[in-house]
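Next come the chains, spelled out residue by residue.
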Amino acid sequence: MFTFVLYFISLAFLLISFYKDKKKTKMALMKSWKSFENILPAFAGVLALIGLVLTILTPEIISKIIGANTGFLGMFITSIIGSITLIPGFVAFPLAASLIQRGAGIMQIAVFISTLMMVGFVTLPLEISYFGKRVAFLRNALSYIFSFIVALIIGMVVR
């Protein structure tokens, strides 16, 4: 129901925009379509990879590797995966929900999402070019440590 309401509101604003200025609305729609076309290949690839991984990894395997009972080792595994993976947030959160439904632990997924969003191993060379080595490494190291703190807090709150 909530999704329907959001679609309805979006459509209403689109119609208002179209009524106010047809040319700008058409131009905005064309720009958004171009953005969609640019994002689609990467997005489809990530979704296919996630679908493949979730097909191969059974709930039992997920529970053994990153389940709630894996403790710090499971958190460490997901932190490494999160640090080296480059997945946009709109894909990461549904993936996290799927993993939790399949047996992953809350703290393990919390550290995964935190490192995914804050630690950038893949983007480190770019970050070094803008901020310098010292700042880039310090920011990534502090973000990595903070991810564990966040996961521990979330683990305490959820219990």
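The structure this text deals with has already been given above.
First, a word on what this report is: a plain description of the structure on this page.

Looking at the overall build of the chain
Part 1 of the argument: Across its full length, the chain carries eight helices and zero strands.
Part 2 of the argument: A compact globule built from 159 residues would reach a C-alpha radius of gyration of about 15 Å, whereas the chain, at 20 Å, exceeds it by more than 25%.
Part 3 of the argument: Looking at the chain residue by residue over its 159 residues, the buried ones come to 28%.
Part 4 of the argument: Looking at the chain alone, contacts between residues at least 24 apart form 73% of all its contacts between residues at least 6 apart.
Part 5 of the argument: Put simply, the chain shows about 11200 Å² of open surface, and 76% of that area lies on carbon and sulfur atoms.
Part 6 of the argument: Seen as two clouds, the 13 positive and the 4 negative side-chain charges of the chain have centres 6 Å apart.

Overview of the pattern of salt bridges
Part 1 of the argument: Counted according to the given criterion, the structure contains one salt bridge.
Part 2 of the argument: Here Glu 127 ties to Arg 139 by a salt bridge, and the two come within 2.5 Å at their closest N and O atoms. Here Glu 127, found in helix H7 (residues 124-131), pairs with Arg 139, found in helix H8 (residues 133-158); they are twelve residues apart in sequence, far enough to count as distant.
Part 3 of the argument: Taking relative accessible area as the criterion, Glu 127 reaches 10% and is therefore assigned buried.

Definitions and limits used
Residues numbered from 1 in each chain as written. Predicted model: local features only at pLDDT ≥ 70, side-chain atom pairs only at ≥ 80, totals over all residues. Heavy atoms only, no water. Helix = DSSP H or I, 4+ residues; strand = E, 2+ residues; numbered from the N terminus. Rg over C-alpha atoms; globule rule 2.2 N^0.38 Å. Buried < 20%, exposed > 50% of the residue type's maximum accessible area, 1.4 Å probe, protein only. Contact = heavy atoms within 4.5 Å. Areas by Shrake-Rupley, 256 points an atom, 1.4 Å probe, with all protein chains shown as cover. Lys, Arg positive; Asp, Glu negative; His and termini not counted. Charge placed at Lys NZ, Arg CZ, Asp CG, Glu CD. Salt bridge = Lys/Arg side-chain N within 4 Å of Asp/Glu carboxyl O.

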